[in-house]
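# Observations on the model geometry
Okay, here's what each chain looks like letter by letter:
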Amino acid sequence: MIKTLWQKFGVVVLAMLVPALAWAADKAKWNLQEPHTEVARQMYDLHTVVLIICLVIFVGVFGMMFYSMLKHRKSVGHKASQFHENTTVEVIWTVVPFFILIGMAWPATQTVLSMRDASSPDLTIKVTGYQWKWGYEYLKGEGDLAGLADGVQIYSTLSTPRDQIYGKAPKGEHYLLEVDNPLVVPVGKKVRVLITANDVLHAWWVPAFGVKQDAVPGFIRDSWFKVDKPGTFRGQCAELCGKEHGFMPIVVIALEQKEFADWAAKNKVPVAAAAPAAAAPK
Amino acid sequence: MSAVIGHDHDHAHGHDHHPSGLMRWVKTTNHKDIGTMYLWFSFVMFLVGGFMAMVIRAELFVPGLQVVNPEVFNQMTTLHGLIMVFGAIMPAFVGFANWLIPMQIGAPDMAFPRMNNWSFWLLPPAATLLVLSLFVPGGAPGVGWTLYAPLSIQQGMGMDLTIFAVHILGMSSIMGSINIVTTVLNLRAPGMTLMKMPLFVWTWLITAYLLIAVMPVLAGAVTMVLTDRHFGTHFFNAAGGGDPVLFQHIFWFFGHPEVYIIAIPAFGVVSQVIPAFSRKPLFGYTSMVYAVASIAILSFLVWAHHMYTAGLPTTAQLYYMYATMLIAVPTGVKVFNWVATMWKGSLTFETPMLFALGFLFLFTLGGFTGLVLSVTPVDIQLHDTYYVVAHFHYVMVAGALFSAFAGVYFWLPKWTGNMYNETLGKWHFWLSFIFFNMIFFVQHFLGLAGMPRRIPDYSPQFTDFNMISSIGAFGFGLSQLLFLYIVLKTIRSGEKSPEKPWEGADSLEWTHLPTPAPYHTFETPPVVK
């Protein structure tokens, strides 16, 4: 039996602690999404390194400030000294940060160089942003997978029912992050995306791939990714594009190469009929 | 000739019979009156923009669309940004400049008092246009405060009202800046050399140059949008040989210095407050001046770090990353100097000091997330997410707004002759501090986990942090009504302030002028040793 107030209190705290810890232990809440390409992994690690450096400096600087707030207060009788410069420390705290920055810039430069190198792809897909959906077109390329999926066209639109958005139906598991026809790509192959837009700016963003590239109407930008394992990856438009900006998600399904070849063969149809026929495996 | 002289003579006599009632404020050329009007105007705009933030946070409280439709949501984010930047924060610091620069350099008034009146009175029409745009067909622009083309070209006539409002605001800022530069360079009292000026005056001198340099650029950008919309040009239309990304380059060439236009006067206020409550001179005055100047110069060289995902050449991405990281050096110098100012001081923690310390702590946090964002590959993941929203609110709210609060509490006795209620002031600080972090700290996690900004609805995985953020926002909004109450109470029935309420304050307005400061001050310049 629960006797004292303290025991009751303890039980309540424990009862609250368990779900709170379970909530807090969900790592996906606190950090970047789990990376699934080499570039995204480098981005993840860079963020961790920079964050640790910032934390160390933060603790150092504000450790000094809080020490001063405790020990150098008037109420404990501290008398103000009147110094107001010290060339040595001023030079140190100007020069040292400079070297810390060089330490951060070096690995960042490596990642920028590899992230921007979209040369020699195995497969090229043109991505077009529309108000408000994504269009994908597998281009006739020159890489390993050339010819496999030539001309396959997909239009990818939000598939969450309006009733869920307006609260008339319970929200599904992938609320707002689901589409009718996802983009399908092979794992372990370098996929280059050529990104453009039809009307206003959009941005094609898949966090797990470390790809976020603005889609600029009238211009073509490129990016690339090589997915490390099969799965479904979800992202969203990341550049304000009008009223349905929040409702044009991106879903990419990565398949083993053989399955991808099967999918491509099934969907490789005359261009004119491509759009409605391109249904992806669920 | 004699007639003219006679007129001047009469005018000098009639000096004290200035109009009363409403006409006093419409016609005033007095820097203190104009400063007061700037401050009240900015507070009204702060409430209007804050109300829009409440609408945004109410919609985002849970997933789904409940409160407003997506069009109105986008209009709210746009107007919230424009009103807070151009209507609330910038005029607040111009208000401080008007009140304090003449008193701190020993000048009788601003150099161009009539232009000063005009700079202020341009603001209410501009703000009216912005708010009016909500009620025209098509509503206000739903494009974000950055007004990116081509989306801004698609908008209804609300966009034209906004463009006109931006033009007027720009004119006001440019005139205000010319006034400040001229006053600081020409009206200093004998012996007040540049390197003896209080740091607040220095920060405004540098800010005024920034404003003169970049406001015309913004005017250019929105004018190009206007001619693209109505007069057949194709600056931002690829089909006509233009480029949408050109808008971003022009906008951010204005927009990045703009960030410092907001932050640098805040540095100035904090640099007055921290030494006063440490009872110790500012550490590294000279290096502070150089640090502010280098931040201002660097701010012109880093604009495309807002555009890492726009598809810049690789070399440009690298250059902008290196240049942006460099800003950490002078910013670090400033933070170290403030902490060193407190070191071995004799500290007390009245409300202005609390807000200044809140500024120091949270602005630095915002500086660190800025450093995280400067790293191009990391920014690719975080660009246009809630991480960026958190970052710039740490700089704008905990930075600029907290420093403005510090300034109001610090100078309120000098302005009104009355002392604010210290207990209520401390309540205001702690409520603001806690609710601020509740709103924005969790937004870092939302951004990392992948929630884009400017969306009216989101995937349920983001619900818990959005709820915390919204509750914080309502609390923060209500706490600001307490601030209004404190200020009104001080003006109407506050206790009489001592002549020099702050032991450690050492600029001219404290050492050479009575409290409250009389309507006309330093008609004969003081001699500064």
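## Focus: the overall build of chain A
Helix and strand counts for chain A stand at six helices and ten strands. Computed over the C-alpha atoms, the radius of gyration of chain A is 26 Å, more than 25% above the 19 Å expected from 2.2 N^0.38 for a compact globule of 282 residues. For chain A, the spread of C-alpha atoms along the principal axes amounts to about 85 × 65 × 35 Å. A total of 282 residues make up chain A; the buried ones form 39% of that total.

## A look at the overall build of chain B
Looking only at helices and strands, one finds 19 helices and two strands in chain B. For the C-alpha atoms alone, the extent of chain B along its principal axes is close to 65 × 60 × 45 Å. By the burial criterion, 60% of the 529 residues in chain B qualify as buried. Contacts spanning at least 24 positions in sequence make up 83% of the contacts within chain B whose residues lie at least 6 apart.

## Here we look at the interface of chain B and chain A
As a measure of interface size, the accessible area lost when the parts come together is often cited. Tallying the contact residues gives 75 residues for chain B and 75 residues for chain A. Along the lines of polarity and charge, the residues of the side of chain B that touches chain A split into 45 nonpolar, 23 polar and seven charged.

## Re the packing of helix α4 (residues 70-105) of chain B against helix α9 (residues 199-230) of chain B
Residues and elements named next belong to chain B. In the contact formed by α4 and α9, the axes pass within 10 Å of each other and the chain directions differ by 120 degrees. One element, α4, and the other, α9, form an angle in the oblique class. For α4 against α9, the interelement crossing comes out left-handed. Mapping the contact onto sequence places A97, L100, I101, Q104 and I105 in α4 and F200, V201 and W204 in α9. Residues that form the contact of α4 with α9 fall into these classes: seven nonpolar, one polar and no charged.

## Considering the domain arrangement of chain A
Residues and elements named next belong to chain A. Looking at the assigned domains, one finds that chain A contains domain 1 (38-116) and domain 2 (123-277). Spacing between the C-alpha centres of domain 1 and domain 2 amounts to 41 Å. The interface is formed by four residues belonging to domain 1 together with four residues belonging to domain 2. For the side of domain 1 that touches domain 2, the residue count by class is three nonpolar, no polar and one charged.

## Notes on the environment of E350(B)
All names here are of chain B. Along the chain, the position of E350 falls in the loop between α13 (328-342) and α14 (351-374). For the pair E350 and Y409, spaced 59 residues apart in sequence, the C-alpha to C-alpha distance is 9.1 Å. Those residues in contact with E350, other than ones at most four positions away along the chain, are F277 and E422.

## A few points about the pairing of strand β2 (residues 133-138) of chain A
Here is the key point about a regular strand: its side chains alternate between the two faces of the sheet. Residue and element names in this part refer to chain A. Pairing of strand β1 (residues 123-130) with β2, which is carried by six bridges, proceeds in the antiparallel orientation. The residue bridging K126 from the neighbouring strand is E137, located in β2. Count of turn residues in the β1/β2 antiparallel hairpin: two residues. Pairing analysis gives four bridges linking β2 to strand β3 (residues 153-156), with the strands arranged antiparallel. Bridge assignment links W134 to a residue of β3, and that residue is S156.

## What about the sheet that holds β3(A)?
Residue and element names in this part refer to chain A. The sheet built from five strands is open, its strands ordered β3-β2-β1-β5-β8 with mixed pairing. Of all the strands in the sheet, just β3 and β8 (221-225) have a single pairing partner and so form its edges. The mean inter-strand angle of the sheet, taken between neighbouring strand axes irrespective of direction, is 25 degrees.

## A few points about the confidence of the model for chain B
Detailed reading of the predicted model is not advised wherever pLDDT is low. On average, residues of chain B score 94 in pLDDT, and 97% of them are at 70 or above. Overall, residues 1-14 of chain B carries pLDDT values under 50, and its contacts beyond four positions in sequence, including any with other chains, amount to zero contacts.

## Considering unusual backbone geometry
Geometrically, the link from Q131(A) to W132(A) is a cis peptide bond, its omega value of 0 degrees lying close to zero. Among the secondary structure elements, W132(A) is positioned in the loop between β1 and β2. Residue R279(B) is not a glycine yet carries a positive backbone phi of 55 degrees. You can call R279(B) buried: it has 22 C-beta atoms within 10 Å. For R454(B), which is not a glycine, the phi torsion comes out positive at approximately 60 degrees. Along the chain, R454(B) turns up in the loop between α17 (422-449) and α18 (463-493). For R454(B), a count of 21 C-beta atoms within 10 Å corresponds to the buried category.

How each quantity is defined
Residues numbered from 1 in each chain as written. Chains lettered and ligands numbered in written order. Predicted model: local features only at pLDDT ≥ 70, side-chain atom pairs only at ≥ 80, totals over all residues. Helix = DSSP H or I, 4+ residues; strand = E, 2+ residues; numbered from the N terminus. Rg over C-alpha atoms; globule rule 2.2 N^0.38 Å. Buried ≥ 20, exposed ≤ 12 C-beta atoms within 10 Å, placed from the backbone. Contact = placed C-beta atoms within 7 Å. Nonpolar A, V, L, I, M, F, W, Y, C, P; charged D, E, K, R; others polar. Axes fitted to C-alpha atoms, helices over the stretch in contact; angles between N-to-C directions. Parallel < 35°, antiparallel > 145°, perpendicular 65-115°, else oblique. Left-handed = near helix turned anticlockwise from the far one by under 90°. Domains from an automatic or database assignment. Pairing = 2+ DSSP bridges. pLDDT = per-residue confidence, 0-100.

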